[in-house]
Amino acid sequence: RLISDYEVNNYILDKNLNSGEVGNVSAILMGDLAGKHPEIFAKEEVKDTTHISHATIKFSTVVLKDCAVSITNFAKKLVALPEISCVVFSKQGQSLNNEYELYKNMVETSSIDALSLVGVAVYGDEETIKPLTKKFSVMK
């Protein structure tokens, strides 16, 4: 499939995160996903009549929830699906503020099972992603 056919971003977050953590983890996952797939956002600036710039997201974004174990198992399944792009974030990563080198080293020397995932973001064709994510509940 062509990259332009991709049309959905889904985030599955740990249901035990508080509202501030939900916002933080979602922003981190979106930032990373958008860096890898810049087509998620339009390149042009879109301003309203008062000249205020608005977000230019092009594809649907859905935030879902489940337990950390389900998120980890889901992420493991995605490795076998090259047509889907995924990125995860862990509880350990949350604790390392402004310490990228420590974070990088921790990730590179750990298995996914050793890390406590708090979220996974997936990006790809809606027809592929929807069946994979239908078991998760919508975050409210």
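Residues numbered from 1 in each chain as written. Predicted model: local features only at pLDDT ≥ 70, side-chain atom pairs only at ≥ 80, totals over all residues. Heavy atoms only, no water.

(A) The packing of aromatic side chains, seen in detail. Under the definition given, this model contains four aromatic pairs. Note on phenylalanine 89 and tyrosine 103: the rings are 6.1 Å apart at their centroids and 50 degrees apart in plane angle, and the pair reads as tilted. With a gap of 14 residues between them, phenylalanine 89 in strand E5 (residues 85-90) and tyrosine 103 in helix H4 (residues 100-108) connect regions that are remote in the sequence. In this structure phenylalanine 89 comes out as buried when scored by relative accessible area, which is 8%. A ring pair is formed by tyrosine 100 and tyrosine 103, whose centres lie 6.5 Å apart and whose planes are at 45 degrees; its orientation type is tilted. Pair noted here: tyrosine 100 and tyrosine 103 are both in helix H4, with a separation of three residues, about one helical turn. What makes tyrosine 103 partly exposed here is its relative accessible area of 21%. (Phe/Tyr/Trp six-rings, centres within 6.5 Å; stacked < 30°, edge-to-face > 60°. Helix = DSSP H or I, 4+ residues; strand = E, 2+ residues; numbered from the N terminus. Buried < 20%, exposed > 50% of the residue type's maximum accessible area, 1.4 Å probe, protein only.)

(B) View of the sheet that holds strand E4 (residues 60-66). The five strands lie next to each other as E5-E6-E1-E4-E7, forming an open sheet whose pairing is mixed. Single-partner strands in this sheet number two, and they are E5 and strand E7 (137-138). The pairing of strand E1 (residues 8-14) with E4 spans seven bridges and is parallel. Looking at E4, one finds that asparagine 10 is bridged to valine 62. (Pairing = 2+ DSSP bridges.)

(C) View of the side chain of serine 26. The topology assignment puts serine 26 in helix H1 (residues 19-36). Relative accessible area serves as the criterion here: at 15%, serine 26 is assigned to the buried category. Residues within four places of serine 26 in sequence aside, it is in contact with Tyr11, Leu13 and Val63. (Contact = heavy atoms within 4.5 Å.)

(D) The environment of leucine 13, seen in detail. Note on placement: leucine 13 falls in strand E1. By relative accessible area, leucine 13 is classed as buried at 0%. If sequence neighbours within four positions are ignored, leucine 13 has contacts with Val22, Val25, Ser26, Leu29, Val63, Leu64, Lys65, Asp66, Ile71, Val118, Gly119 and Met139.

(E) Spatial organisation of the pairing of E1. The element E1 is largely enclosed, with a buried count of seven among its seven residues. Pairing of E1 with strand E6 (residues 117-124) involves six bridges; the strand directions are antiparallel. Pairing of valine 8 across the sheet is with glycine 124, part of E6.

(F) Here's a closer look at the environment of glutamate 83. With respect to the helices and strands, glutamate 83 occurs in the loop between helix H2 (68-78) and E5. Sequence separation between glutamate 83 and threonine 72 is eleven residues; the distance between their C-alpha atoms is 19 Å.

(G) Representation of the side chain of glutamate 39. Turning to its location among the elements, glutamate 39 is positioned in the loop between H1 and strand E2 (46-47). Polar contacts involving the side chain of glutamate 39 include one to the side chain of tyrosine 123, which spans 3.1 Å. (Polar contact = N/O pair within 3.5 Å; in protein donor to acceptor, adjacent residues only side chain to side chain.)

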